[in-house]
Amino acid sequence: MPAEQAGVAAFRPDLAYEKHPRVAIRHEEFGGLAYHYGNRRLVFLKSPALVDVVEALADFPTATEALAARVPAAQAQACSAALPRLLAAEVIRVRFPES
Amino acid sequence: MSTALTNRLSRGLAAPICLTWELTYGCNLACVHCLSSSGRRDPRELSTDEARRVIDEMHDLQVFYVNIGGGEPMIRPDFFELISYATQRDVGVKFSTNGTMLTPAAASRLAGMDYLDVQVSVDGADAVTSDEVRGAGSYDAARRAMDNLAEAEFGPFKISVVITRHNIGQLDDLEALAAAYGAQLRLTRLRPSGRGADSWAQLHPTQDQQRTLYSWLRERPGVLTGDSFFHLSALGEPLPGLNLCGAGRVVCLIDPVGDVYACPFVLHEEFRAGSVRDSGGFAAVWRDSALFTELRSPASAGACSSCGSYDACRGGCMASKFFTGLPLDGPDPECVYGHGETALRAAPGAAPHPGPGHSKSGKARRQPVFVTLGRGRDHGHGADTPS
């Protein structure tokens, strides 16, 4: 579902994000499985680097900085392209300063 | 789903994506297609404490949800205790029921729980069609259960239908039935497993009906199928889902006595990987059993290797091949190009004995059950994998 239809704002790399609190991630060799206990969707995270960056988003002021710090250059584009999809699926969400 | 990921999944995962757990062999119905030949409870069924330990293991392995079936799971006196415990431990529950015990009080109780999905089984859009498979009065009982869920404001439950030659003409009616309840429709494939071994030949859809079903499902990606019909993907664009046999790779089954099988459709000694009662518990069976290791190794396409559609259907359903006596590295008996039918004609009578089962009649199989015109039953238990 496109993000706009879901009532979720479009992904912006200059904002702060975090893994959605109702999402659990199971590590797998290929990457990981993210399960959202609210909407009960299972989402494939298709590389270990993507799992790593999703789990690290909360530690960085912007998604861009999280990607730069945690993802090897060769995988940066693939991980960056995956984040809007993960926002639409509510695997990640915008993090507000007070939250 | 990318081919690279599909290939990776076929080599297995740290834990199943979709775990089916049949809580009991006890059932007050006797559907002619029951995958587990259920009827009588087994005195060796897992105790409440043992079942709680299984749930603890699922929690530790991050199995996010479990598909609970049977038999009729609500027959177990500790049914509510177990599903409450599972959801408290972050193991979501989807359970299949014939609805006969889903009273207004039970519906209210279910409506108050989180992480819970309910699937009510019918096998037709009217009592005549459905009862022929599931027994007299079963359709009305299931409809009462749906009414009770709606009355209790449970939310969008699921209506689960095994597709047969006789109900496939009712797809639009089934869709309308689900819509009337605000429910989701779930269609699954009839397997020649359990009592289905006796009814499959008469009940499985014809080739024309399979093509109709494929087109109907392609137009309705919101209809759940538990990846049941991936053999139809050989007809063109793939259906939503993983499109692979997940047996021992991404799915498995725990039966009421704790035995672990490769999938919900192969309750047969040959596909028994171990038991949750073994010293390493479920985790060791999943990780280390010889059977699952074998299933995760690269499979030969066998007789299908020269077929241009192999990448689409991957040879179809292992259980359907096994219980019709076909080689596992060949075509599915319902291969959309007829290769399975050809193979069945070439090797008639090769089907294995499915075992004694827990049918109340206690009759040896190969005797007709009470199907007269031919119709099959029980619910499917595949994964409804989100696309």
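Quick caveat: nothing in here was measured; it's all calculated off a predicted structure.

Colleague: I keep staring at the sheet that holds strand β4 (residues 42-45) of chain A and nothing clicks. Help me out?
Modeller: Strand pairing in a sheet is mediated by backbone hydrogen bonds. Such pairs are either parallel or antiparallel. Residue and element names in this part refer to chain A. An order of β2-β3-β4 is seen for the three strands of this open sheet, with the pairing classed as antiparallel. Both edges of this open sheet fall to β2 (23-28) and β4, since each of them pairs with a single strand only. Between one strand and the next, the sheet's axes are offset by a mean angle of 20°, whatever the strand orientation. Where strand β3 (residues 31-36) meets β4, four bridges bridge the pair, whose relative direction is antiparallel. Pairing of Y35 across the sheet is with L42, part of β4.

Colleague: Looking at this structure, how should I read unusual backbone geometry?
Modeller: If a residue is not glycine, its phi is most likely negative; likewise, a peptide bond is most likely trans. Residue and element names in this part refer to chain B. The linkage connecting G70 with the following residue, G71, adopts the cis geometry, with an omega of 15°. Along the chain, G71 falls in the loop between β2 (65-69) and α3 (79-88). Positive phi, normally seen in glycine, also occurs at E153, with a value near 55°. By secondary structure assignment, the location of E153 is in the loop between α6 (138-151) and β5 (158-163). Taking the number of C-beta atoms within 10 Å as the measure of exposure, E153 has 9 and is therefore exposed. A positive phi angle is found at N243, which is not glycine, with a value near 55°. Of note, N243 is situated in the loop between α9 (207-218) and β7 (251-254).

Colleague: Got a minute to help me understand the interface of chain B and chain A in this structure?
Modeller: The accessible area lost on association of the parts is a frequent measure of interface size. Opposite the 13 residues of chain B that make contact, chain A presents twelve residues. Counted by class, the side of chain B that touches chain A contains eight nonpolar, three polar and two charged residues.

Colleague: Sorry, what's going on with the sheet that holds strand β8 (residues 259-261) of chain B here?
Modeller: Residue and element names in this part refer to chain B. The strand order across the open sheet formed by nine strands is β6-β5-β4-β3-β2-β1-β7-β8-β9, and the pairing between neighbours is mixed. In the strand order of this sheet, the two ends are held by β6 (184-189) and β9 (272-275), each with one partner. With strand direction ignored, the average angle separating the axes of adjacent strands in the sheet is 25°. Bridge count between β2 and strand β3 (residues 92-97): four bridges; the pairing is parallel. Following the sheet pairing, N67 is matched in β3 by K94.

Quick notes on the rules
- Numbering of residues starts from 1 in each chain and follows the order in which that chain's sequence is written.
- Naming scheme: in the order in which they are written, chains are lettered from A and ligands are numbered from 1.
- Whole-chain, interface and lining totals are the exception, using all residues; otherwise, since this is a predicted model, local features are given only for residues with pLDDT of at least 70 and side-chain atom pairs are given and counted only at 80 or more.
- Strand pairing requires that DSSP identify at least two bridges connecting the strands.
- Helical segments are the DSSP runs of H or I of at least four residues, strand segments are the runs of E of at least two, and each set is numbered from the N terminus.
- Helix axes are fitted only over the stretch in contact, all axes being lines through C-alpha atoms; the angle between N-to-C directions runs from 0 to 180 degrees.
- Note on burial: count the other C-beta atoms lying within 10 Å of the residue's C-beta; 20 or more is buried, 12 or fewer is exposed, in between is partly exposed, and C-beta positions come from the backbone.
- We call two residues in contact whenever the C-beta atoms placed from their backbones are within 7 Å.
- Throughout this entry, Asp, Glu, Lys and Arg are counted as charged residues, while Ala, Val, Leu, Ile, Met, Phe, Trp, Tyr, Cys and Pro are counted as nonpolar. The remaining residues, Gly among them, count as polar.

These values are about where atoms sit, not about what they do.
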